[in-house]
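Residue-level structure breakdown
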Amino acid sequence: MLWIKSLHIVFVASWFAGLFYLPRIFVNLAMVPQESVAERERLLLMARKLLRFTTVIAVPALALGVWLWAGYGIGWGPGNGWMHAKLAVVLLVLGYHHSCGVVLRKFVAHRNTRSHVWYRWFNEAPVLMLLVAVILVVVKPF
Ligand code: HEM
C-alpha cells in the first residue's frame, strides 16, 4: 500500500506541475504583441506539449488514488467526510484541467479575450486546490 501511495503522491505532484505552469504560458500568450508571430507559435507549441503531458500524467495520479480508495478501502464508505470533500476538490481540479484545454483552443483560434492579469489570478486556483486537497487527506479534519 505504501508503494501505491508513494507513486500516487509522485504522479499528483507531476500533474500539478503541469497545472501550475500551463496558465503561466497563457499569461505570456496574452501579452504577446500581434506582430510577434514566431514568439506566439513557440508559446503555443509549448502549451500543446505541456497540456498533453499533464493529461497523460493525470491518469496514473487518479488511478492510484482510486486504487488506495476502492482497492485498500482507505476513506471508503460513510464517516469519511475528508475523502468525500477531497473527491469534490478532485472534480474541481479536473474541471480546471479541462478549462485549460478550452483556453488553449481559444488562443490557437485567435479568440482569446482575457487579459494577462486575469490569467495571473487564474494561475492561483491550482495552488488553493492543492492546499485544500493535501490538508483534507493528511489532517482528515472531518
Ligand atoms: C487533486 C488530486 C489529489 C491530490 C492532491 C492527492 C493528494 C494525496 C496525498 C498528499 C496523499 C498522501 C496522504 C498521506 O500520506 O497521509 C494522498 C493519499 C490518498 N489519496 Fe490522494 N490525491 C489526489 C487525488 C486522489 C483521488 C482521485 C483519490 C481517489 C479517488 C485519492 C485517494 C487517496 C487515498 C485513499 C489516499 C490514502 C490516504 C491515507 O492513507 O490516509 N486521491 N493523496
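Residues numbered from 1 in each chain as written. Predicted model: local features only at pLDDT ≥ 70, side-chain atom pairs only at ≥ 80, totals over all residues. Heavy atoms only, no water.

A word on the site of the ligand. Around the ligand, a shell composed of 21 residues is seen, among which Lys5, His8, Gly65, Lys86 and Lys140 lie nearest. The contact in question runs from a nitrogen atom of the ligand to an N or O atom on the side chain of histidine 8, over 2.8 Å. At the level of elements, helix H1 (2-31), helix H2 (37-71), helix H3 (81-108) and helix H5 (125-139) are the ones that each hand at least two residues to the shell around the ligand. For the shell around the ligand, the element with the highest residue contribution is H1, accounting for six residues. Taken together, the residues of the shell around the ligand sort by class into 16 nonpolar, two polar and three charged. (Near = heavy atom within 4 Å. Polar contact = N/O pair within 3.5 Å; in protein donor to acceptor, adjacent residues only side chain to side chain. Helix = DSSP H or I, 4+ residues; strand = E, 2+ residues; numbered from the N terminus. Nonpolar A, V, L, I, M, F, W, Y, C, P; charged D, E, K, R; others polar.)

Quick look at the coordination of the iron atom of the ligand now. At this site the iron atom of the ligand is bound by His8 (NE2) and Lys86 (NZ), with donor distances of 1.8 to 2.1 Å. Each of the six donor atoms bound to the iron atom of the ligand contributes to angles spanning 82 to 178°, and the resulting shape is octahedral. Here lysine 86 lies in helix H3 and histidine 8 lies in helix H1, a separation of 78 residues in the sequence. The exposure classification of histidine 8 matches that of lysine 86, with both residues buried. (Donors = N, O, S within 2.8 Å, 3.2 Å for Na, K, Ca; no water. Tetrahedral: all angles 85-135°; square planar, octahedral: opposite > 155°, others 65-115°. Buried < 20%, exposed > 50% of the residue type's maximum accessible area, 1.4 Å probe, protein only.)

For the pair H1 and H2, interaxial distance at closest approach is 8 Å and the crossing angle is 155°. Relative to H2, the element H1 lies roughly antiparallel. Every pair of crossing elements has a handedness; the one defined by H1 and H2 is left-handed. Each residue belonging to the contact of H1 with H2 can be placed in one class, and the counts come to 25 nonpolar, six polar and two charged. (Axes fitted to C-alpha atoms, helices over the stretch in contact; angles between N-to-C directions. Parallel < 35°, antiparallel > 145°, perpendicular 65-115°, else oblique. Left-handed = near helix turned anticlockwise from the far one by under 90°.)

Another point: the packing of aromatic side chains. All told, the structure shown has 10 aromatic pairs when counted by the stated rule. Look at tryptophan 118 and tyrosine 119: their rings are 5.2 Å apart centre to centre, the planes differ by 85°, and that puts the pair in the edge-to-face class. In this structure tyrosine 119 comes out as buried when scored by relative accessible area, which is 2%. Through a chain of ring-to-ring contacts, the aromatic side chains of Phe26, Tyr96, Phe107, Trp118, Tyr119 and Phe122 assemble into a single cluster. Across from the ring centre of tryptophan 118, 4.1 Å away, lies the NZ or CZ of arginine 114, which sits over that ring. (Phe/Tyr/Trp six-rings, centres within 6.5 Å; stacked < 30°, edge-to-face > 60°. Lys NZ or Arg CZ within 6 Å of the ring centre and 35° of its normal.)

A word on H1. Helix length check: H1 (30 residues) gives 45 Å between terminal C-alpha atoms against 44 Å at 1.5 Å per residue, within 8%. Against the buried residues of H1 lie H2, H3, helix H4 (116-122) and H5. (Expected span 1.5 Å × (residues − 1). Contact = heavy atoms within 4.5 Å.)

One non-glycine residue with positive phi stands out, namely histidine 110, at about 55°. Mapped onto the secondary structure, histidine 110 falls in the loop between H3 and H4. Overall, the relative accessible area of 57% leaves histidine 110 in the exposed class. You will see that lysine 140, though not glycine, has its phi angle at about 50°, which is positive. Turning to its location among the elements, lysine 140 is positioned in the segment after H5. The exposure class assigned to lysine 140 is partly exposed, which follows from its relative accessible area of 39%.

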